[in-house]
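Structural characterization, general
The residues making up each chain are set out below.
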Amino acid sequence: MRFLSAYPKEVKVFLIASLINATGSALMWPLVTMYVFDELGRSMKDAGLVILIQSLGGIAGQLLGGSLYHKVGVNRLIVGALAMNAFALFTLPAASHNWTIFMIVMGFVGLFNSLSLPAIQAFIGFRFAKQRGELFNIVYVANNIGVALGTALSGFLADISYMLSFVMNGVTSAVFAVFFFMYLRRVGTGPEAEGADYKKHQPRSQSGWLLMGNTRIYLYMSVASLFLLVGNSIWNTGVSPFIISEDWPKKAYGFLWTLNGILIFAAQPVISLLKRWFAKDSTAQMTASALLYLSGYAVILGVQNYPGLILAMVLTTFGEMLISPAMPAFITEHANRSAPFYLGLSGGIGAIGRVIGPYFMGSLYDSGGLSPTAWLACAMAVLSTLFFIIHAYINRRLGSADQVTVSP
């Protein structure tokens with residue numbers, strides 16, 4: 001990853017805004033379960049239901065955001081989604097007095113928060129086409145720094161007021177909306193602002209159903225991501241209760257995620273070497289990512305002690321660092337102007353794994369402890385590897401010349 005001095009000023013400003021927004025988002029998500037259980041006095045089952053509704057809203061937001069990019073325009077979509085997300089967060093204090101309304105508002109929070117994600121990714125891919133791979137990685141790192149800061153601050157804010165965390169999230173979302181409104185007015189939102197690739201491939205209108213027929217762009221990759229996210233649920237519904245059952249201090253679990261955040265920032269040179277030596281293109285990076293996840297889960301299966309969990313976190317974090325920038329980079333490189341649709345579609349399909357994973361992992365842990373969950377995680381990683389290999393083979397065979405085309 002190059003030093004930021006090598007990039008234009010607008011990139012640096014964009015990264016700062018992304019970091020602020022990620023920090024605000026991270027203020028909220030660790031506290032939702034605690035808020036429902038502690039402040040509202042509901043059961044853990046109810047807390048899980050809220051998370052489920054928010055996750056389903058997020059899936060809908062990914063799918064809708066991708067399909068609306070060219071229909072409503074990048075400015076209105078991004079700014080509008082962020083503004084509506086801020087409004088939903090600001091209404092939470094009033095909504096918390098009615099359980100049904102609270103759940104509905106949380107669903108809207110998930111929807112609006114995800115609505116802008118495909119548009120922002122597509123805009124980066126269009127505007128900075130020659131640097132898209134590096135920039136996706138830098139944005140990913142900046143967002144994770146924001147997540148680390150937000151989760152660290154959330155506990156302090158919760159001691160003062162849960163709602164303060166939610167309102168601060170709304171403030172950062174509103175600030176991000178204002179930033180994008182001013183930023184997009186300055187750089188423009190037409191083809192001239194979105195890079196050479198955008199201008200070369202301006203398709204006529206094409207229906208979502210027709211776009212879905214180009215399965216090689218998204219399907220195998222998205223299913224592979226779904227499997228990975230099912231397997232990655234082992235950390236929350238396998239490793240977390242395992243640490244508690246072993247009577248280890250709860251901070252031992254928190255340290256694993258602290259390690260995750262440190263590695264994402266500090267281990268970039270290692271990832272650069274992996275890309276240079278073993279995974280030069282985005283399809284190879286996805287396959288290598290799945291293999292790293294598999295190796296991490298295999299460590300959990302075979303070495304069920306704390307040093308083993310640390311090693312597993314290192315391996316799976318390397319896998320995360322490879323795949324997170326690779327998927328949007330592949331889509332924006334190969335899907336041309338239809339990239340927003342495919343970014344939303346692939347994100348929505350993959351997120352299904354995050355919704356169903358905890359249920360399967362939790363059921364297996366209840367019946368047999370950590371080992372069955374590790375077996376399931378390994379199986380999911382094997383399936384993910386196979387689908388990434390299929391994805392790479394199909395796209396290599398067809399070649400880059402047969403990119404997404406548009407029918408009249």
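Bear in mind that the values here come from a model prediction, so they are computed numbers and not experimental data.

The secondary structure content of the protein amounts to 18 helices and zero strands. Taken over 408 residues, the protein has a buried fraction of 53%. Taking the intrachain contacts of the protein between residues at least 6 apart in sequence as the baseline, contacts between residues at least 24 apart amount to 83%. For the protein, the accessible area works out to roughly 18,300 Å², and carbon and sulfur atoms hold 67% of it.

Think of an α-helix as 3.6 residues a turn; residues three or four steps apart then line up on the same face. Relative to the 26 Å expected for 18 residues at 1.5 Å per residue, helix H11 (residues 215–232) spans 25 Å between its end C-alpha atoms, a close match to the ideal helical length. For H11, a buried count of 14 out of 18 residues is recorded, marking the element as mostly surrounded by other parts of the structure.

The next point concerns the packing of aromatic side chains. As enumerated under the stated definition, the model contains 13 aromatic pairs in all. Where Trp 248 meets Tyr 306, the ring centres are 5.8 Å apart and the plane angle is 85°; that geometry is what we call edge-to-face. Note that Trp 248 is positioned in the loop between helix H12 (234–245) and helix H13 (251–266) and Tyr 306 in helix H16 (residues 306–334), a separation of 58 residues in sequence. In this structure Trp 248 comes out as partly exposed when scored by relative accessible area, which is 24%. Pairwise contacts between aromatic rings join Phe 176, Phe 179 and Phe 180 into one cluster.

Turning our attention to a nonpolar patch on the surface. Together, Ile 16, Ile 20, Phe 90, Met 168, Val 171 and Val 175 line one region of the surface with nonpolar side chains, adding up to about 490 Å² of accessible area. If you list the elements that add at least two residues to the nonpolar patch, you get helix H1 (9–28) and helix H8 (162–187). Broken down by element, the nonpolar patch gets its largest block of residues, three residues, from H8. With respect to the helices, strands and loops of the structure, Val 171 is situated in helix H8. Overall, the relative accessible area of 35% leaves Val 171 in the partly exposed class.

Time to look at the side chain of Thr 172. You can see Thr 172 is positioned in helix H8. At a separation of 2.8 Å, a polar atom in the side chain of Thr 172 contacts the main-chain carbonyl oxygen of Asn 169.

Looking at the element boundaries, Ala 339 is found in helix H17 (residues 339–368). Between the C-alpha atom of Ala 339 and that of Gly 125, which follows or precedes it by 214 residues, the distance is 8.6 Å. Ignoring anything within four residues of it in the chain, the contact list for Ala 339 reads Phe 126, Ile 331 and Thr 332.

Turning our attention to the environment of Leu 376. Along the chain, the position of Leu 376 falls in helix H18 (residues 370–398). Considering only alpha carbons, one finds Leu 376 and Gly 231, 145 residues apart in sequence, at a separation of 6.7 Å. Leave out the neighbours within four places in its chain, and Leu 376 touches Phe 360, Met 361 and Leu 364.

Before going further, it helps to spend a moment on the confidence of the model for the protein. Overall, the predicted model of the protein reaches an average pLDDT of 81, with 84% of residues at or above 70. By mean pLDDT, helix H9 (residues 195–200) is the weakest element of the protein at 46, and helix H15 (residues 282–302) is the strongest at 95. For residues 195–204, every residue scores under 50 in pLDDT, and the model assigns this stretch 20 contacts once sequence neighbours within four places are set aside. Low pLDDT, under 50, characterises residues 400–408; the stretch is placed with 24 contacts to residues that sit more than four places away or in other chains.

Ranked by internal contacts, the top residues of the largest apolar core, which has 111 residues, are Phe 180, Trp 235, Val 239, Leu 256, Tyr 297 and Ile 300. It is H16 that provides the largest number of residues to this core, a total of 15 residues. Formed jointly, this core draws a minimum of three residues from each of two domains, domain 1 (9–187) and domain 2 (208–397). Sequence-distant contacts of Trp 235, defined by excluding residues within four places in its chain, comprise Ser 240, Tyr 253, Leu 256, Trp 257, Tyr 297, Ile 300, Leu 309, Ala 312, Met 313 and Thr 316.

The end-to-end C-alpha separation of H13 is 22 Å, in line with the 22 Å expected for 16 residues at 1.5 Å each. For H13, the full list of buried residues reads Ala 252, Tyr 253, Leu 256, Leu 259, Asn 260, Leu 263 and Ile 264. Projected onto a plane normal to the axis of H13, the buried residues spread over an arc of 140° and lie on a single side. Residues of H13 that are exposed and point more than 90 degrees away from the buried face comprise Lys 251, Phe 265 and Ala 266.

Between H16 and H17, the shortest axis-to-axis distance is 9 Å and the interhelical angle comes to 150°. Put simply, H16 runs roughly antiparallel to H17. Pair H16 / H17 crosses with right-handed handedness. Where H16 abuts H17, its residues Pro 328, Ile 331 and Thr 332 lie against Ala 339, Tyr 342, Leu 343 and Ser 346. Classifying every residue of the contact of H16 with H17 by side-chain character gives five nonpolar, two polar and no charged.

Let us now look at unusual backbone geometry. Residues other than glycine predominantly adopt negative phi, and peptide bonds predominantly adopt the trans conformation. Residues other than glycine seldom take positive phi values, yet Asp 247 does so here, at roughly 60°. With respect to the helices, strands and loops of the structure, Asp 247 is situated in the loop between H12 and H13.

This paragraph deals with the side chain of Gln 285. With respect to the element layout, Gln 285 can be found in helix H15. The buried category is assigned to Gln 285, whose relative accessible area is 10%.

With respect to the helices, strands and loops of the structure, Val 314 is situated in helix H16. C-alpha separation for the pair Val 314 and Ile 264, spaced 50 residues apart in sequence, amounts to 9.8 Å.

Procedures and definitions
- Residues numbered from 1 in each chain as written.
- Predicted model: local features only at pLDDT ≥ 70, side-chain atom pairs only at ≥ 80, totals over all residues.
- Heavy atoms only, no water.
- Helix = DSSP H or I, 4+ residues; strand = E, 2+ residues; numbered from the N terminus.
- Buried < 20%, exposed > 50% of the residue type's maximum accessible area, 1.4 Å probe, protein only.
- Contact = heavy atoms within 4.5 Å.
- Areas by Shrake-Rupley, 256 points an atom, 1.4 Å probe, with all protein chains shown as cover.
- Expected span 1.5 Å × (residues − 1).
- Phe/Tyr/Trp six-rings, centres within 6.5 Å; stacked < 30°, edge-to-face > 60°.
- Patch = residues over 30% accessible without salt bridge, like charges linked within 9 Å, V, L, I, M, F, W, Y side chains within 5 Å.
- Salt bridge = Lys/Arg side-chain N within 4 Å of Asp/Glu carboxyl O.
- Polar contact = N/O pair within 3.5 Å; in protein donor to acceptor, adjacent residues only side chain to side chain.
- pLDDT = per-residue confidence, 0-100.
- Core = buried A, V, L, I, M, F, W, Y, C linked by side-chain atoms within 4.5 Å.
- Domains from an automatic or database assignment.
- Arc of directions from axis to C-beta.
- Axes fitted to C-alpha atoms, helices over the stretch in contact; angles between N-to-C directions.
- Parallel < 35°, antiparallel > 145°, perpendicular 65-115°, else oblique.
- Left-handed = near helix turned anticlockwise from the far one by under 90°.
- Nonpolar A, V, L, I, M, F, W, Y, C, P; charged D, E, K, R; others polar.

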